[in-house]
Amino acid sequence: MTHDVSAVERRAILHRTKSVTLVGASANPARPSYFVATYLLSSTRYEVNFVNPRLDTLFGKPVYASLKDVPGEPDLVSVFRRHDDLPQVAEEVIDAGARTLWLQLGLWHEPVADRAREAGLDVVMNRCVKIEHARFAGGLHLAGFNTGVISSRRPSAP
């Protein structure tokens with residue numbers, strides 16, 4: 001089974017999300033998770049949490065050693081980890097009671113998606129939570145695009 005989530009479904013997931021936990025957050029500005037973290041903290045209403053056993057703080061916020069250490073129940077868990085780590089991460093996400101498992105760009109794992117969906121989670125794979133949020137919030141200009149809010153309506157004639 002192929003797990004491709006439509007734009008309408010991704011938008012609904014992001015709209016209902018209250019918190020985002022980044023698993024594999026990095027303090028290295030060259031890493032995608034760093035860029036996503038800066039965007040989420042500065043441009044969204046989400047409560048943002050970080051998981052990385054090698055860090056203590058990031059952007060002045062605590063970084064937790066594992067998902068089970070994050071206070072409260074996570075809502076959306078965005079994963080920046082190696083492909084081989086995904087089955088273990090998925091089990092941690094399920095055990096934590098999250099609603100959504102979001103695998104970042106370049107991450108696609110059908111068995112992990114099957115397992116997470118069987119456990120009742122929404123699953124998004126090979127998508128960037130920052131790009132998707134910006135797409136639906138009209139903020140792609142922050143990445144150099146001036147597209148405005150995505151709409152199915154045709155532009156009016158000039």
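Residues numbered from 1 in each chain as written. Predicted model: local features only at pLDDT ≥ 70, side-chain atom pairs only at ≥ 80, totals over all residues. Heavy atoms only, no water.

Asks: Looking at this structure, how should I read the nonpolar core?
Replies: A general trend in soluble globular proteins is that nonpolar side chains are found buried together. Core analysis: the largest hydrophobic core is formed by 24 residues, its most contacted members being Leu22, Leu40 and Phe50. For this core, the leading source of residues is helix α2 (residues 32-43), giving 4 residues. Setting aside its immediate chain neighbours within four residues, Leu22 contacts Ser33, Val36, Ala37, Leu40, Asn49, Phe50, Val51, Ser78 and Phe80. Residues Val77, Val93, Leu121 and Met125 belong to the second largest nonpolar core, which totals 23 residues. (Core = buried A, V, L, I, M, F, W, Y, C linked by side-chain atoms within 4.5 Å. Buried < 20%, exposed > 50% of the residue type's maximum accessible area, 1.4 Å probe, protein only. Helix = DSSP H or I, 4+ residues; strand = E, 2+ residues; numbered from the N terminus. Contact = heavy atoms within 4.5 Å.)

Asks: Whenever I open this one, the pattern of salt bridges confuses me. Can you help?
Replies: Oppositely charged side chains are able to pair whenever their charged atoms sit close together. This model, assessed by the stated rule, comprises 8 salt bridges. Here Asp85 and Arg82 are joined by a salt bridge, their closest N and O atoms 3.4 Å apart. Under the relative-accessibility criterion, Arg82 is labelled exposed at 57%. One salt bridge connects Glu132 with Arg135, and the closest N-O pair in it is separated by 2.9 Å. You can see Glu132 and its partner Arg135 sitting in helix α5 (residues 129-137), 3 residues apart, about one turn around the helix. Accessibility expressed as a relative area gives 1% for Glu132, which makes it buried. Note on Arg135: relative accessible area 22%, which makes it partly exposed. Here the salt bridges share partners, and the residues they tie into one network are Arg10, Arg127, Glu132 and Arg135. (Salt bridge = Lys/Arg side-chain N within 4 Å of Asp/Glu carboxyl O.)

Take it as geometry only, folks, not as evidence of what the structure does.
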